Amino acid sequence: MSAPVRIGVLGCADIAVRRMLPAFTASPDVEVAAVASRDRGRAERTAGRFGCRPVHGYAELLDRDDVQAVYVPLPAALHAHWVEAALEAGKHVLAEKPLTTDPDTTERLLELAGKQGVALMENVMFLHHPRHEAVRRLVADGRIGEPRSLHAAFTIPPLPDSDIRYDPGLGGGALADVGLYPLRAALHFLGPELEVIGARLARGPGRRVETSGAALLGTPDGVTAHVTFGMEHAYLSRYELWGSEGRITVDRAFTPPADFVPLVGLHTSAGTEQIRLTPADQVAATVAAFVASVRAGHAPGADTLRQAVLLDAVRHRSG
């Protein structure tokens, strides 16, 4: 048996406290060594809750010899600095999405991780839910014929005005926060040759960042993807794959709770079949994937880089 991965957390963000720290502590393959905050009291309260050491300051955590890996849930605009610092310190890194705010920096950090011999993984959790592999198998088995198009959407209700996702200085905006999900689904199912054909981003009244958008993408052989996203909308989380002989529908696609019974709709000329799958915890699966990457000394980075390129292209295409 390999020893548990000793992980430190840079910051006490909501996703860290609500999702990732409980998943780390529940995993037999992880030991939470420390939690850092620029606010000493906040570090102490969070560390006390999860049974680890409080650390005052992010750099101080990176200096600790008992921290083998680092989770970075900071605002997107701060990722590049602290991910680079963690890699330079020889730490494996799990960073919240987006890994950085531009593809050149993403590429540089992925190269640095390779040079350092450590894993750098972006925390796109839905990819680790087994439902999407089940969809891939249906497509590979020809159940909908030749793929023709993908439609994917992720929209969420308005956030509090103080939310960092409304702050351009912290890397806010709907594209990187919620648009990443349907865009990554398109990349996941249609492959790395996907290119952006056109895009539109829009700002809600009084907002300093885009709050909604859509993009049209395509592959060299003519398969298209239409992605829609927004953060001042009714909730929607789904994708649909159309083929020459049928289509596949997936609801609650990107953020299902662990006890959610996942369904895959298969619609063909023979009728509609609802394929019922076993509930799965995609947060726990993500932690397991990160542990495996740490033990291997590297994490796959090609799709992370391609995603960064596509996000950048959507922004530029939107004019």
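Predicted, not measured: the structure shown is a model, and the values here were computed from it. (Residues numbered from 1 in each chain as written. Predicted model: local features only at pLDDT ≥ 70, side-chain atom pairs only at ≥ 80, totals over all residues. Heavy atoms only, no water.)

Draft legend 1. Here's a closer look at the environment of Met121. Turning to its location among the elements, Met121 is positioned in strand β6 (residues 120-123). According to the relative accessible area criterion, Met121 is buried, its value standing at 9%. With 32 residues separating them in the primary sequence, Met121 and Ala153 have C-alpha atoms 24 Å apart. Ignoring sequence-local partners within four residues, the contact set of Met121 consists of Val93, Leu94, Ala95, His128, Thr286, Ala289, Phe290, Ser293 and Ala299. (Helix = DSSP H or I, 4+ residues; strand = E, 2+ residues; numbered from the N terminus. Buried < 20%, exposed > 50% of the residue type's maximum accessible area, 1.4 Å probe, protein only. Contact = heavy atoms within 4.5 Å.)

Draft legend 2. Molecular detail of unusual backbone geometry. The step from Lys97 to Pro98 runs through a cis peptide bond, and the omega angle for that step is -5 degrees. Checked against the element boundaries, Pro98 lands in the loop between β5 (92-96) and α5 (103-116). At Arg252, a residue that is not glycine, the phi angle is positive and equals roughly 50 degrees. By relative accessible area, which is 33% here, Arg252 ends up partly exposed.

Draft legend 3. Fine view of the packing of aromatic side chains. The full count for this structure, using the stated rule, is ten aromatic pairs. Seen in terms of ring centroids, Phe24 and Tyr71 are 5.6 Å apart; in terms of plane orientation they differ by 75 degrees. Their pairing is edge-to-face. With Phe24 in helix α1 (residues 14-26) and Tyr71 in strand β4 (residues 69-72), this residue pair connects regions lying 47 residues apart in the sequence. In this structure Tyr71 comes out as buried when scored by relative accessible area, which is 0%. Where Phe126 meets Phe254, the ring centres are 5.0 Å apart and the plane angle is 75 degrees; that geometry is what we call edge-to-face. Of the two residues, Phe126 sits in the loop between β6 and α6 (130-140) while Phe254 sits in the loop between β12 (246-251) and β13 (263-268), which places them 128 residues apart along the sequence. Given the relative accessible area of 1%, Phe254 is considered buried. By the ring-pair criterion, three or more aromatic residues cluster together here, those being Phe126, Phe154, Tyr181, Phe189, Tyr235, Tyr239 and Phe254. Above the ring of Tyr166, the side-chain terminus of Arg207 is found at 3.8 Å from the ring centroid. Over the face of the ring belonging to Phe260 we find Arg252, whose NZ or CZ atom lies 5.1 Å from the ring centre. (Phe/Tyr/Trp six-rings, centres within 6.5 Å; stacked < 30°, edge-to-face > 60°. Lys NZ or Arg CZ within 6 Å of the ring centre and 35° of its normal.)

Draft legend 4. Local environment of the pairing of strand β1 (residues 5-10). Of all six residues in β1, five are buried, a share of seventy percent or more. On the question of chirality, the crossover connecting β1 to the parallel strand β2 (residues 30-37) by way of α1 is right-handed. Judged from the three bridges that link them, β1 and β4 form a sheet pairing that is parallel. The residue of β4 that forms the bridge with Ile7 is Ala69. (Right-handed = clockwise from strand over helix to strand, strands pointing away. Pairing = 2+ DSSP bridges.)

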